[in-house]
Amino acid sequence: MSMFGYYLNLALRSLMRNKMLTALMVIAIAVGIGASMTTLTVMHLLSGDPLPGRSQHIFYPQVDPSPLPDPENTHKPWDMMDYRSATDLWSAHRADRQALIGRSALRLTAPDMNQPPLMAQVLSTTSDFFPMFAVPFQYGGSWQPQDDQQRTRVAVISSDLNIKLFGGANSVGRTLRLKDSDVRIIGVLAPWRPSPQFYDLVGGRFSNGQTADFYSKPQEVFMPFSSSLDINTDGFMAFTCWRAPDPGTSMTTSPCVSVALWVELGNAAKVADYKAFITDYATQQKALGRLTHADNTRMPSLMQWLDFNQVVPSDVRLQTWLAFAFLLICLFNTVGLLLAKFLRRSGEIGVRRALGATRGAVLTQCLVEAGLIGLIGGFGGWLLTLLGLALIRQQPVAYADLLHLDSTMFLATFVMAIVASLLAGAVPAWRASRVALGLQLKTL
Amino acid sequence: MDILPILSTLRRHKITAWLLILEIALTCAIVCNAVFLISQRLERMNLPSGIAEHELVQVQLANIGNRSDAEARAKTDLAALRQIPGVTQVALVFQMPFTDGGSSNSGIKLDPQQQEDTVDVTQYMGENLLSTLGTRLVAGRDFRPDEFVDLDAAVTALHSGNLKGLPQVLVITQMLAERLWPGQSALGKQIYLGQGLPFRVVGVVAHLARPNRLSKGVEYSTVWPISMNVAQGASFLIRCAPQERERVLKSALAALKQLDPNRVVLQKRTYDEARHAFFANDRAMTGILVGVCLALLIVTALGIVGLASFWVAQRRRTIGVRRALGATRANILQYFQTENFLLATIGIVIGMALAFGINLFLMQHYELPRLPAIYFPVGAIALWVIGQLAVLGPALRAAAVPPVVATRSV
């Protein structure tokens, strides 16, 4: 250990001796680490698990309501289900928890607050949604299963909407006017920002990698699925329709897919049972003549569903490749400069070897010096990462407000900088430790 | 200049020489591809829309109230907007070129018996659309007022199979006409939709880009004589002189609010703003790529400076000996310049192969076209120049070594 202190001392002296060369190496490492950690942090935040510890129990059942012929069996079920299939599966209550999902945009006013009307994004769902996805509440709570049945006109609102309409005060019990009906607020969410917004994530495979919008904020209003259909007769936003719906068709019979279902299944046996259940359901519906492709059912887990939709935008992936190529070039640069630095000291190394230092000792000393450069470079890299993230936060992308450097990535910055510099120092240090003794002493 | 002594020196510094070569190769490969990506994005951002971009403003309202009076409401709204001084044209349209959000698209066929669609086209609708957008008609005519059908009526007719209730004609872009009937006039030709429903081409416009899904063919657009209202998702498109846009937008909002103060405005912007927003991602990515290219070139240049300085310092005595034996300053300068040129050339050759490989990878994963051949000579020249500039300083220092160094400390 005392030797380590001595090496550190030697390294510091050596770094101070040629400030220009030292600065070049530190800048190379800092810039390389800054670029790659910025993109890596974005990747880390965008590709994470939105429900850590629970996502493996969450599944997304799918049946294929398409009546179109599919001779080669290439059609994947659409990203949502038709109203009938989704509500049938939900009503069976065969999972531990189950939540329907429908989306709409409705005109909203708060009658007792003097504010202009706005268009609110409304999520229609069922009571299991909140416990299943561990949604945090600030005031009040969610509605109960009987509210789903009795079509109660209640709503849960987001923290953002509560601040906008009520200045952040406890608004439980107040009334909102949605389209032409009154609903009572029974709960206000604490700030909740899942990344991505996984529960109504659809259409990734049709988006050409432009998936930044998967990271936008959750809806502002959450309502019971049943009562929201009473209020909004136009129905939910359709993912697609297999033919144009007749004007005036109610959404319960429309030829569109606009409802999704999430289920929670606690163990492998339940998962197998539920898979069998949806297959049976599809077969039975085919016998009834309602479905055409009975064998085309799927049930990806939450993370499989995110993978299938390729949630990380392709631009972000491209930037990560670029940043690592950049880091590689910076490292080549550092290898060259370190080599120059160590070999220039051949005379000094020769003297140390002649005085009894082993090759290992010379190697260690050189590596300590490389590591020290890495540490200083890592500090610069950390500052540049903060700068890089601040720059991306200025971009008009949906995930901008999600970006921050968490403790994992903070540590990773320094670990990566030191590892990179040790790697870069390996060849030069090895070369330095092989310096031919006699030759160097002769030239002194 | 004799290359052999340089090669024999480099052979004694294999590691350092290879490091420099690899650094140049990687830089060359990445910069070539990055510049290509930049050019692709720039090309995308500069795509022509075919419309009078600087003369348009858009106002979109949310649908409030029942559907039945939507048509009457549309008429009143349009009339009020036409009253605003400076407004030359007004239309209710569903989509505009280069905007995100919904777009109406459909496959069309050239033969009613065909199984597969020939191309995927976008469908523009709305009364008075062509003159409001300001597209240039190159053949045929615009729609006559009696050819228009309301969207709901058209959908009903489509389902009941009543051909009379559907529009009979359409206008297409020149690009689409050339794709469907190469070298022929498109006027009077038939296209088929869905289960073989026929429609006749009556007009061809010079350019009209799609709203999105650009990969399906940027200008594969069709225009239909279908009228729309706010309840069906249409927004107001107002045309006026460029310098009047701000004022007209304000007056339009005031006029619409006056007709019904309860309406929610979803969107109010000039077309230029809409287009700017659509390409925001490409602009950001271009900025990042330019930054990376510059940083790479600077880092590589610094690397060359560092190594060249090291070599000069290491060979100080050799240089002194050469000078003492009669080599001129120019000889020494040339020596280091030639050495750098050799290393850069090997690096560039490897780099080009690498650039080609990276391009193949990008072609597979990011739907990019092949790297044009022009990038190879341009990239090579750029790296040669950077190499020569970077080595100039250390080489001048080497040339300045006096011959007397040779006599010291032997």
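Please refer to the structure higher up on the page.
Reading the values: the criteria
- Residues numbered from 1 in each chain as written.
- Chains lettered and ligands numbered in written order.
- Predicted model: local features only at pLDDT ≥ 70, side-chain atom pairs only at ≥ 80, totals over all residues.
- Heavy atoms only, no water.
- Helix = DSSP H or I, 4+ residues; strand = E, 2+ residues; numbered from the N terminus.
- Buried < 20%, exposed > 50% of the residue type's maximum accessible area, 1.4 Å probe, protein only.
- Contact = heavy atoms within 4.5 Å.
- Areas by Shrake-Rupley, 256 points an atom, 1.4 Å probe, with all protein chains shown as cover.
- Lys, Arg positive; Asp, Glu negative; His and termini not counted.
- Charge placed at Lys NZ, Arg CZ, Asp CG, Glu CD.
- Pairing = 2+ DSSP bridges.
- Axes fitted to C-alpha atoms, helices over the stretch in contact; angles between N-to-C directions.
- Parallel < 35°, antiparallel > 145°, perpendicular 65-115°, else oblique.
- Left-handed = near helix turned anticlockwise from the far one by under 90°.
- Salt bridge = Lys/Arg side-chain N within 4 Å of Asp/Glu carboxyl O.
- Polar contact = N/O pair within 3.5 Å; in protein donor to acceptor, adjacent residues only side chain to side chain.

Colleague: If you had to explain the overall build of chain A to someone new, which residues and values would you point to?
Modeller: The number of helices and strands found in chain A is 14 helices and 11 strands. Along the longest, intermediate and shortest principal axes, the C-alpha atoms of chain A span 100 × 60 × 35 Å. Looking at the 444 residues of chain A, the share that counts as buried comes to 55%. Counting only contacts in chain A whose residues sit at least 6 apart along the sequence, the fraction spanning at least 24 positions is 77%. Carbon and sulfur atoms provide 59% of the accessible area of chain A, an area that totals close to 18,900 Å². In chain A, the 37 positive side-chain charges and the 31 negative ones have mean positions that sit 16 Å from each other.

Colleague: Summarise the sheet that holds strand 13 (residues 265-270) of chain B; cite the residues concerned and give the values.
Modeller: Hydrogen bonds along the backbone pair up the strands of a sheet, which may run parallel or antiparallel. Residue and element names in this part refer to chain B. Here we have 4 strands laid out as an open sheet, ordered 2-12-1-13, and antiparallel in their pairing. With one partner strand each, in any of the chains shown, strand 2 (87-93) and strand 13 form the two edges of the open sheet. Averaged over all pairs of adjacent strands, the angle between strand axes in this sheet comes to 15°, irrespective of strand direction. Relative to strand 12 (residues 235-240), strand 2 runs antiparallel, the two being bridged by 6 bridges. For Val87, the partnering residue across the bridge sits in strand 12 and is Cys240. On top of the sheet, helix 3 (residues 70-83) reaches strand 2 and strand 12; it is set at about 155° to strand 2, its chief contact.

Colleague: I'd like a description of the packing of helix 1 (residues 4-11) of chain B against helix 11 (residues 329-366) of chain B, backed by residues and values.
Modeller: Residue and element names in this part refer to chain B. Packing of helix 1 against helix 11 leaves a shortest axis separation of 10 Å and a crossing angle of 65°. With respect to their mutual orientation, helix 1 and helix 11 come out roughly perpendicular. The hand of the helix 1/helix 11 crossing is right-handed. Along the contact surface, helix 1 presents Pro5, Ile6, Leu7, Thr9 and Leu10, while helix 11 presents Tyr335, Thr338, Glu339, Leu342 and Leu343.

Colleague: Help me get a handle on the pairing of strand 11 (residues 260-264) of chain A, residues and values and all.
Modeller: Residue and element names in this part refer to chain A. The buried fraction of strand 11 is high, at 5 of 5 residues. Covered by surrounding structure in strand 11 are Ala260, Trp262 and Glu264 together with Leu261 and Val263, the residues of both alternating faces. Across 5 bridges, strand 2 (residues 97-109) lies against strand 11 in antiparallel orientation. Paired with Ala99 across the strands is Trp262, a residue of strand 11.

Colleague: Give a detailed account of the side chain of Asp406 of chain A, specifying residues and quantitative values.
Modeller: Residue and element names in this part refer to chain A. Summarising the element assignment, Asp406 is placed in the loop between helix 12 (359-393) and helix 13 (407-433). Buried charge without a salt bridge: Asp406, with Arg393 as the nearest opposite-charge side chain at an N-O distance of 11 Å. A distance of 3.1 Å separates the side chain of Asp406 from the side chain of His44, its partner in a polar contact. Excluding residues within four positions of it along the chain, Asp406 makes contact with His44 and Leu45.

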